[in-house]
Amino acid sequence: MRKRVFIALALVLILIMGTTCVSAKTVLTFWNGYTGPDRAVLESLVAEFNESQSEIEIVMDIQPWDSLFQKLLPSLVIGSGPDIAAFASENIPQYAAAGVLSPVDDFYAGDYLDVDKLVPAAVENGIFDGKHYGVPMDFATLLMYYNKDHFAAAGLPEEPPKNWDEFKEYLLKLTNAPEQYGLAIAVKETIPMWPILLWGNGGGILTRDGEVLIDSAETKEAMKFWADLVMNHKVSPIGLTGAEADKLFQSGKASIEIVGPWMTNGFTEAGLNYDVAPVPEGPAGPVTLGTSVNLVLSKQAGEDSQKREAAFKFYAFWNSPETQVKWALGSGFPPTRTDLLDHPEIVEHPWVPKFAAVAPYAQFYLQGTEKFREIETSIFVPALEAILYGVQDVDTALDEAGVKLRQLVK
Amino acid sequence: MNISISSRKKAVAYLFLAPSLIVFGVFVFYPIGFALWASFTDWSLINQSPNFLQWANYSRLLADSRFWNAVKNTLYYTLGVVPVGTVISLCVAIAVNQRIRGIEIFRTIYFLPVITSTAIIAIVWTFLFDPDIGLLAYYLKFLGFTTQGWLRDPNYAMPAVILVSIWKNMGFNMVIFLAGLQSISESLYEAASIDGANSWHSFWYVTLPQLRPTLTFVIVMSMISSFQVFDQVYVMTRGGPLFRTETVVQYIYHHGFETFQMSYASTVAIALLLVVLILTILQLRVLDRDIN
């Protein structure tokens, strides 16, 4: 009798365990920093993914980017971090070098998604040390926002400037410091704006291959042109953070700002009469900044084959045409795919096609280096400030920066 | 069991001390000890198998110009906040020490900044200082005073941070001075006025000497907290522009949480600990010379 009860109990137990194993959901924790207006769109798309199937559940933890970056690396190192995270691709080298990310070459090699349709730059900048670590989550470019009322009041044509000479002409007419500035350009704590002006002349800071450009002749020439406009003609206040530059344009105290698609809602709500146009071309041709937040997989989650599979399915969902259309329409960002530009709803959107159109010549900032943050805060921004505050002249500041940069990336 | 009464009392005493001691041990002594150990290694958050480095971090510290810049900025900040702040809070304490009806309202108002979050105060003051949309800049323009922009100007950024700190902490020092003032016995003032002292004399010859211990306390506490300033600097300027407001703790933060070189950050922290310790001992010797 006892034996039979025992066998019956054992069978029931196995049955229970069996069913729970089969119906166990793979839960993936996902940290990101989309706290702004795009949060609602992101949450609805993730909810859609969770509801569309019962094997995988994505649990998001959204916090401001600076808190995220403070906590993410330490928590991944001690193994208590999220399974998936999303952050700007320039951070990938630091995390990959620390050994906390799992390479995702098999995602690209497999047939989860038609990966050849993804924006090439967004994919390339998720590569470190020859391996893919990131899958694009978003892609943004910077355009020149301009205040149409200011143009009219200054007697300027409706057409925005197309090259640096016209740009200079417009800025001088629009500037009446300190009541109104022609340009609101940020120096620190911002999406990079100054580098676009350097690239416009064929200069730069550091290429992906490690070539130091910060002290090249082209960079110095570009810097002198723009420093003169800012310091002597006061076309922009000096020392702005990204948020301050946004505020200046939003409050109508600046006529032009070079920034990304995320500001369109805020500017529209402020009642500004504005439009966007490609950044005026410098001598080296058209260029702008591209930036991509990439999805990364933690090493721990990567080693669990169920979680890995689940993550790849989510990546494929996120980058599918249907999801990308919804994302683009809801957030104003161009899609991560290159094959959606003719989509009827996208074409009708006031901003998305314009931001997507400049993707072919969008350059990324300080990619592929683990020392990205230090280069920005200890070399580039201080050099820029030293020049603009008149502490050092362009040649000295950039030469010194060049020496420091070579030392750092050796 | 023959436990004597005195050793039983001792046991009870230790029992009551235990919670405090445990908290101190875990949250103060252990981290200090750990930081001391870390400063002799190359432990970083990422490199979990550190090597023993002996004095390498310390020699790097001595040669680090950005560290000395941080020390200079911290001294500038302390020299700005402590004397001015102490004098202002003493004056305000004397002012609110009068027996006027409703004077408590003023005491409360002056104390409010102390209990408000430093980060929030810093954010609001950042707006006030903004040269384009800030109230302060707006009113100062009428007085003919235009600057490049307080927090964006390398020369005015630190004075702006000092101003905010003085404003914030004044209430705390005021309360301490108030307690000190109220403990001065009336008979001393009476004796002084009998001897023909006017209010300046009674302040200089009665109030100040009697306030000696309070003054010592306020100056030492202000100095210790000034050396550790971080919140305002981080929120208002992040150490800029051009590193002109980078204080020692801001620098520790940079190495601890931006470059993740925890061992070097610990080195700077230990250096700060030693400096504050030495200065405090010196101050106590100098100011407490006669009292004791």
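This one's a predicted model, so the numbers in the text were calculated from it and none came from an experiment. (Residues numbered from 1 in each chain as written. Chains lettered and ligands numbered in written order. Predicted model: local features only at pLDDT ≥ 70, side-chain atom pairs only at ≥ 80, totals over all residues.)

## Re the overall build of chain B
At step 1: Looking only at helices and strands, chain B has 13 helices and zero strands in total.
At step 2: Dimensions of chain B, computed from C-alpha atoms along their principal axes, come out at roughly 80 × 75 × 30 Å.
At step 3: Out of the 292 residues belonging to chain B, those deemed buried represent 30%. (Helix = DSSP H or I, 4+ residues; strand = E, 2+ residues; numbered from the N terminus. Buried ≥ 20, exposed ≤ 12 C-beta atoms within 10 Å, placed from the backbone.)

## Focus: the overall build of chain A
At step 1: The helix and strand inventory of chain A stands at 19 helices and 14 strands.
At step 2: Seen through its C-alpha atoms, chain A measures out along the principal axes to roughly 100 × 50 × 35 Å.
At step 3: Residues classed as buried in chain A amount to 46% of the 410 residues present.

## Examining the packing of helix α8 (residues 186-194) of chain B against helix α9 (residues 199-210) of chain B
All names here are of chain B.
At step 1: Packing of α8 against α9 brings their axes to within 10 Å, and their N-to-C directions diverge by 130°. Comparing the axis directions of α8 and α9 gives the class oblique. For the pair α8 and α9, the sense of crossing is right-handed. Here L188, Y189, A192 and S193 of α8 come into contact with α9, specifically with H201, S202, Y205 and V206.
At step 2: Residue composition of the contact of α8 with α9, by class: five nonpolar, three polar and no charged. (Axes fitted to C-alpha atoms, helices over the stretch in contact; angles between N-to-C directions. Parallel < 35°, antiparallel > 145°, perpendicular 65-115°, else oblique. Left-handed = near helix turned anticlockwise from the far one by under 90°. Contact = placed C-beta atoms within 7 Å. Nonpolar A, V, L, I, M, F, W, Y, C, P; charged D, E, K, R; others polar.)

## Brief notes about the environment of A:I214
Residue and element names in this part refer to chain A.
At step 1: Within the secondary structure, I214 sits in the loop between α9 (194-199) and α10 (217-231).
At step 2: I214 sits 142 residues away from A356 along the chain, and the two C-alpha atoms are 28 Å apart.
At step 3: Beyond its immediate chain neighbours, meaning those up to four positions away, I214 contacts I205, L206, T219, L398, A401, G402 and L405.

## Some words on the domain arrangement of chain A
Residue and element names in this part refer to chain A.
At step 1: Segmentation of chain A into domains returns domain 1 (25-139 + 292-363) and domain 2 (142-290 + 371-409).
At step 2: Put simply, the middle of domain 1 and the middle of domain 2, counted by C-alpha atoms, are 29 Å apart.
At step 3: If you look at the interface, domain 1 gives 19 residues, while domain 2 gives 14 residues.
At step 4: Elements that contribute at least two residues to the side of domain 1 that touches domain 2 include exactly α4 (92-97), α17 (352-357) and β14 (362-363).
At step 5: For the side of domain 1 that touches domain 2, the residue count by class is 11 nonpolar, five polar and three charged. (Domains from an automatic or database assignment.)

## Looking at the interface of chain A and chain B
At step 1: With 22 residues of chain A in contact, the opposing surface of chain B contributes 18 residues.
At step 2: No other element matches the five residues that helix α18 (residues 372-388) of chain A contributes to the side of chain A that touches chain B.

## Regarding the nonpolar core
Residue and element names in this part refer to chain A.
At step 1: Membership of the largest hydrophobic core comes to 122 residues, with the highest contact counts inside it found for Y145, A184, I185, I196, V296, F314 and A383.
At step 2: For this core, the element with the highest residue contribution is α18, accounting for 10 residues.
At step 3: Residue-level mapping places this core at the junction of two domains, with at least three residues from each of domain 1 (25-139 + 292-363) and domain 2 (142-290 + 371-409).
At step 4: Setting aside anything within four residues of it in sequence, one finds Y145 in contact with F249, I256, E257, V259, F267, Y274 and V276. (Core = buried A, V, L, I, M, F, W, Y, C linked by C-beta atoms within 7 Å.)

## Quick notes on the sheet that holds strand β3 (residues 84-88) of chain A
Residue and element names in this part refer to chain A.
At step 1: Read from one edge of the open sheet, five strands run β2-β1-β3-β13-β6, paired in mixed fashion. Of all the strands in the sheet, just β2 (56-62) and β6 (134-136) have a single pairing partner and so form its edges. The average undirected angle you get between the axes of adjacent strands in this sheet is 30°.
At step 2: Here five bridges tie β3 to strand β13 (residues 293-297), and the two strands are oriented antiparallel to one another. Within the sheet, the bridge partner assigned to F87 lies in β13 and is N294. (Pairing = 2+ DSSP bridges.)

## So, helix α19 (residues 394-409) of chain A
Each α-helix turn comprises 3.6 residues. Residues three or four places apart therefore point the same way.
Residue and element names in this part refer to chain A.
At step 1: The first and last C-alpha atoms of α19 sit 22 Å apart over 16 residues, in line with the 22 Å expected at 1.5 Å per residue.
At step 2: Taken residue by residue, α19 has V394, A397, L398, A401 and L405 as its buried positions. All buried residues of α19 lie within an arc of 85° about the axis, which places them on one face of the element.
At step 3: Contacts made by the buried residues of α19 are with α10 and α18. (Expected span 1.5 Å × (residues − 1). Arc of directions from axis to C-beta.)

## Some words on the sheet that holds strand β10 (residues 254-259) of chain A
Residue and element names in this part refer to chain A.
At step 1: Across the sheet, four strands lie side by side as β9-β10-β8-β11; this open sheet has mixed pairing. If you trace the sheet from one side to the other, it starts and ends with β9 (181-183) and β11 (274-277), each paired once. Averaged over all pairs of adjacent strands, the angle between their axes in this sheet comes to 20°, without regard to strand direction.
At step 2: As defined by bridge partners, β9 adjoins β10 across two bridges and the pair is classed as parallel. When the sheet's bridge partners are listed, Y181 is paired in β10 with A254.
At step 3: Along the sheet, helix α11 (residues 242-250) contacts β8 (143-147), β9 and β10; its crossing angle with β10, the most-contacted strand, is approximately 140°.

## Details of the pairing of β2(A)
All names here are of chain A.
At step 1: Across seven bridges, the pairing between strand β1 (residues 26-32) and β2 is parallel. Residue pairing in the sheet places N32 in a bridge with I62 of β2.
At step 2: Handedness of the crossover joining β1 and β2 through helix α2 (residues 39-52) is recorded here as right-handed. (Right-handed = clockwise from strand over helix to strand, strands pointing away.)

## Brief notes about the environment of A:P286
All names here are of chain A.
At step 1: Here P286 is to be found in the loop between β11 and β12 (288-291).
At step 2: For the pair P286 and I196, spaced 90 residues apart in the sequence, the C-alpha separation amounts to 9.7 Å.
At step 3: Beyond its immediate chain neighbours, meaning those up to four positions away, P286 contacts P278, E281 and Y361.

## Thoughts on the confidence of the model for chain B
Residues and elements named next belong to chain B.
At step 1: Across chain B, pLDDT averages 88, with 96% of residues at or above 70.
At step 2: Across chain B, the secondary-structure element scoring lowest on mean pLDDT is helix α6 (residues 135-142), at 79, and the one scoring highest is helix α3 (residues 65-95), at 94.
At step 3: Here the predicted complex carries an ipTM of 0.79, next to a pTM of 0.83. (pLDDT = per-residue confidence, 0-100.)

## Considering the pairing of β8(A)
Residue and element names in this part refer to chain A.
At step 1: Taken across its five residues, β8 has five buried, putting it largely inside the fold.
At step 2: Where β8 meets β10, four bridges bridge the pair, whose relative direction is antiparallel. Within β10, the residue paired with Y145 across the bridge is E257.
At step 3: Strand direction decides the pairing type here: β8 and β11, joined by four bridges, are antiparallel. When the bridges of β11 are listed, Y146 appears paired with D275.

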